[in-house]
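Per-entry structural report
What follows is each chain in one-letter form.
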Amino acid sequence: MKIYITKYVASYPTDFKKVIGSKIFRTEFTYGLIEPRRDSEFFPNRSDEKIMRSDVKEAVVLINELLRKSNFKSTERTPLFIANGAFIEDSNKYLQRVMKVYETFTDELGEKEKIHRIYRACPPLIALETLTNSTMSYVAQYSGLKYLNSTFGNTSQSFSLVLKESLNTLNRDDVDRVIIGATNCSGNYSFLMNSSVVGYTTGWRESAGVGLLEVVKSDTIPKGALCEIKDVKLGLKVPSLTEQKIDRKWNKIAKIGESDLIICSGAFTSKENQKDLEYCEDSGAKSKSLFESYGNLGSANSLLGIIEGIQMFDASIATVNVVDRDIYGRESIIKIKKC
Amino acid sequence: MLGDKTYVIEYELVSPIAVGKEHILPNLKKGFSADRIVNRVDTEGLPFRKAAEVQEDLNGFIKDEPQHIKEVCCHDRKLELLASCFGIARHRLDTLINLLEPEKTGVIIGVGADVTAFENYEEELLKHLNSGSIPINELFTRINDNGIKLNSVNNPYDLYSIYLAEKFKAAAFQKSVLTACVSSTQAIALGYDAIKNGEAEVVISGGTDSLINLLAIISFGKLGVITESTEEVSCRPFDLHRKGTLAGEAAGFVVLASESFVKEHNLNPVAELLGYGNTLDAYKITAPDPEGLSMTAAVENAINDSKISSNQIDYVLAHGTGTRHNDELELKALEQVLPKGTPISSTKDRHGHAIAAAGIQEFCILLELMKDGYIPKNLNTKNPCQTELDIVREDRQANIKYALTSNFAFGGINTVLAVKNEIDGIRS
């Protein structure tokens, strides 16, 4: 029994903004945004839309496009696994009302009144807006997927975990196909989270990205199969929190070069990306990265890397290794082969 | 090895009901409830002033941590709870940790949404309000040391699984499950899978979460799930007059091991994890499916996966949040599958709802109950909902050989675990 990707859908950032991170600390970053397709027949209803991030809205549209292609029946037991990045697009906007309240605080104001003002200012659906499983639950709600599920997050390694989970499920369970996806949202929340961990450097670039794949098991190559998944490997590294500084060097545990092409990800700046490409090319294979087009796509890095690999299959490229190292320096390698 | 059985060989819990697993049973038996006015946060002026919080000073449990981890624990309650939980078990685990092979050991941790405790940074926040900068950016950048692996606030969610992985030298994987109130329940289920698949021979599964900060209490309160503090008791699971749940916090972990690992090292398992059910409502993110079909399927799947029959279930430690929707639908789902008279109770009336850590908290409690053969009553239930199940009203001793523990999450995720107490032919 082999595992194949038979369908994919994805959306990429179209609008890029360069903004100030911190005036005091002189940081700035560029981030790419996805523009959800409001004209789609699958666009979520107005009451749901109000509490959804843009990547979640687009995921709802994409799942329906994917399942339409798949002739999906809602009675089917099809598992759904999602990798998720940050859960807040713009923490400034999201907490604006609460922070405005702090502006009204004076020394004379009692604690009780302060707390009451914060209470009144707090958006009523804030718990749902920041729900960590919102992509998975909305995708389920708008598609009818009801079976085994999980959401992994929130570094870029999470998509490799999702893919591994899907392979295990197909090998073990009485199911023939699994839907997997990754959504990453960009913005100041993600920038603040990631740049604090690895250390801010100039040229910081992150983007939102969304994609979904249909993964099936079969004894023979399914009609329309896009690639075979040969392997998913994690780097077997335990990041140390005891040592304070992060080690994001490639640890060279896995052999990344046994393929016609390497698609790598994990960099947050062009300089870092250049080093990654050099490291990959040292292994003897051609290498490519989506960084210059989009920046770091977080939890969607490897999924969009797979799609890029599929699109690049030709007479000279029959095998692609999609390699990523996450913010804690954990490597993952996904090996795909042209059908 | 595919098909290997999965055993629980260790567990630990930090919860409002017990800081350390040995306190679980004594506190349950004496009817302790942590339901009280919140101590750590000033809630005067809020309609929701009560919660279940861990009252103990946890500093003693993290005293051996490096200084920078101790400092982050001052900001990050989830890390503080998890580090304390490990600290309690640290010496007991030494022998086990020496047996573990890093590449065959993994960690899976369920974590809840990141809610910054703004009340702790009011002074700092106020400084940036009229400076022309974005106050939250300045605040976070100021609090977090640039380039130090541990953020003080706004950490990547994987921090918690990585923390435990370093302690257990678990290199096979470090996974973070982000499925709200079933996060740690799924962490246990996925640990079971990882052992069945041969992905690991030992998995440390657990969770950590805390709702005890101003924004979290307000946001869940506004969602209509937390009982207002005018009520005498906050949480009445399966009671006709239930008004909502009690906000909580907890951290815990279990060490799951394959049958071959247990046999090879001649270990005495605590229980066998038999299987699980895990479904999605696919209904509405804001409300559970009123038919409860997927909840029912989760209960059925847990039993079927375990290769037992529903009439073998001796007890269900239910999700039982005390909210109108959850308890009604949970009873409906359990009634569809279990025989009349199956005893069920919820302990959330005592320790509150720890959201992402609810599953691990209740799993640890269930292990203690099974070990002792003790079924606790629903502490605050005076007028039980009508059901053919047995909503337990008095504490009782009973042989609990097979049990279920269920959790259900916002967004319609239903996860149920099946556990067996008696370990046939493996205990030495």
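The structure presented is a predicted model; accordingly, all values stated were derived computationally and were not measured.

If you tally the helices and strands in chain A, you get 12 helices and 13 strands. Radius of gyration (C-alpha) of chain A: 21 Å, near the 20 Å computed for a compact globule of 339 residues. The principal-axis extent of the C-alpha atoms belonging to chain A is close to 75 × 50 × 35 Å. Counting across all 339 residues of chain A, residues that qualify as buried make up 66%. Of the roughly 13000 Å² that chain A leaves accessible, carbon and sulfur atoms contribute 47%. Side-chain charges in chain A split into 47 positive and 43 negative, and the spacing between the mean points of these groups amounts to 1 Å.

The next point concerns the nonpolar core. General note: in soluble globular proteins, nonpolar side chains tend to be found buried as a group. Counting 140 residues, the largest nonpolar core has A:Leu80, A:Leu95, B:Leu79, B:Tyr163, B:Leu164, B:Phe168 and B:Phe253 as its most contacted members. The element contributing the most residues to this core is helix 3 (residues 77-99) of chain B, with 10 residues. Apart from residues no more than four positions distant in its own chain, A:Leu95 is found in contact with A:Ile126, B:Phe118, B:Ile136 and B:Leu215. Ranked by size, the runner-up nonpolar core spans 87 residues in total, among them A:Phe159, A:Leu161, A:Leu167 and B:Ala200.

Quick look at the state of the cysteines now. Residue and element names in this part refer to chain B. Scanning the entire structure with this criterion turns up zero disulfides over all chains. Sulfur of Cys 385: no disulfide; nearest cysteine sulfur belongs to Cys 235 and is 12 Å away. On the accessibility criterion, Cys 385 (11% relative accessible area) is buried.

Turning our eyes to something else, we now look at the environment of B:Thr286. Residues and elements named next belong to chain B. Position of Thr 286 relative to the elements: it lies in the loop between strand 9 (271-280) and helix 10 (293-305). On the basis of relative accessibility, which here comes to 45%, the residue Thr 286 falls in the partly exposed class. Once the C-alpha coordinates of Thr 286 and Gly 412 are considered, the two residues, 126 residues apart in sequence, prove to be 8.4 Å apart.

Listed as interface residues are 88 residues of chain B and, on the opposing side, 85 residues of chain A. Interface area, chain B with chain A, both sides summed: about 7800 Å², of which 61% is carbon and sulfur. At the junction of chain B with chain A, the criterion picks out four salt bridges. Viewed at the interface, chain A and chain B are joined by 39 residue pairs in polar contact (both at pLDDT 80 or more). Each residue belonging to the side of chain B that touches chain A can be placed in one class, and the counts come to 42 nonpolar, 27 polar and 19 charged.

Our next topic: unusual backbone geometry. For residues that are not glycine, phi is negative in most cases, and the peptide bond is trans in most cases. Backbone torsion omega between A:Gly153 and A:Asn154 reads -15°, so that peptide bond is classified as cis. Summarising the element assignment, A:Asn154 is placed in the loop between strand 5 (149-153) and helix 8 (158-172). Of note in this structure, B:Ile355 is not a glycine but carries a positive phi near 50°. Looking at the secondary structure, you find B:Ile355 in the loop between helix 12 (348-351) and helix 13 (358-372). Assessed through its relative accessible area of 7%, B:Ile355 is described here as buried.

Quick look at the packing of helix 7 (residues 183-196) of chain B against helix 13 of chain B now. Any two packed helices are characterised by the angle at which their axes cross and by the distance between the axes. Residues and elements named next belong to chain B. Direction vectors running N to C along helix 7 and helix 13 enclose 65°, while the axes themselves pass 5 Å from each other. In terms of their interaxial angle, helix 7 and helix 13 are classed as roughly perpendicular. Facing helix 7, whose interface residues are Ser 184, Thr 185 and Ile 188, helix 13 presents Ala 358, Gly 359, Ile 360 and Phe 363. For the contact of helix 7 with helix 13, the residue count by class is four nonpolar, three polar and no charged.

So, about the domain arrangement of chain A. We note that the domain assignment places domain 1 (2-91 + 126-218), domain 2 (92-121) and domain 3 (229-337) within chain A. A straight line from the C-alpha centre of domain 2 of chain A to that of domain 3 of chain A covers 45 Å.

Glancing now at the pairing of strand 15 (residues 402-409) of chain B. Look at any regular strand and the pattern is simple: side chains alternate between the two faces of the sheet. Residue and element names in this part refer to chain B. Of all eight residues making up strand 15, eight are buried, and the element is well covered by its neighbours. A two-sided burial pattern is seen for strand 15, the buried positions comprising Tyr 402, Leu 404, Ser 406 and Phe 408 on one face and Ala 403, Thr 405, Asn 407 and Ala 409 on the other. Of the strand pairs in this sheet, strand 15 and strand 16 (residues 413-420) are connected by eight bridges, and their pairing is antiparallel. The residue bridging Ala 403 from the neighbouring strand is Val 419, located in strand 16. Here strand 15 folds back onto strand 16 in antiparallel fashion, the turn holding three residues, of which Gly 411 has a positive phi close to 90°.

Rules behind the numbers
- Residues numbered from 1 in each chain as written.
- Chains lettered and ligands numbered in written order.
- Predicted model: local features only at pLDDT ≥ 70, side-chain atom pairs only at ≥ 80, totals over all residues.
- Heavy atoms only, no water.
- Helix = DSSP H or I, 4+ residues; strand = E, 2+ residues; numbered from the N terminus.
- Rg over C-alpha atoms; globule rule 2.2 N^0.38 Å.
- Buried < 20%, exposed > 50% of the residue type's maximum accessible area, 1.4 Å probe, protein only.
- Areas by Shrake-Rupley, 256 points an atom, 1.4 Å probe, with all protein chains shown as cover.
- Lys, Arg positive; Asp, Glu negative; His and termini not counted.
- Charge placed at Lys NZ, Arg CZ, Asp CG, Glu CD.
- Core = buried A, V, L, I, M, F, W, Y, C linked by side-chain atoms within 4.5 Å.
- Contact = heavy atoms within 4.5 Å.
- Disulfide = S-S within 2.5 Å.
- Buried area = accessible area lost by both parts, 1.4 Å probe.
- Salt bridge = Lys/Arg side-chain N within 4 Å of Asp/Glu carboxyl O.
- Polar contact = N/O pair within 3.5 Å; in protein donor to acceptor, adjacent residues only side chain to side chain.
- Nonpolar A, V, L, I, M, F, W, Y, C, P; charged D, E, K, R; others polar.
- Axes fitted to C-alpha atoms, helices over the stretch in contact; angles between N-to-C directions.
- Parallel < 35°, antiparallel > 145°, perpendicular 65-115°, else oblique.
- Domains from an automatic or database assignment.
- Pairing = 2+ DSSP bridges.

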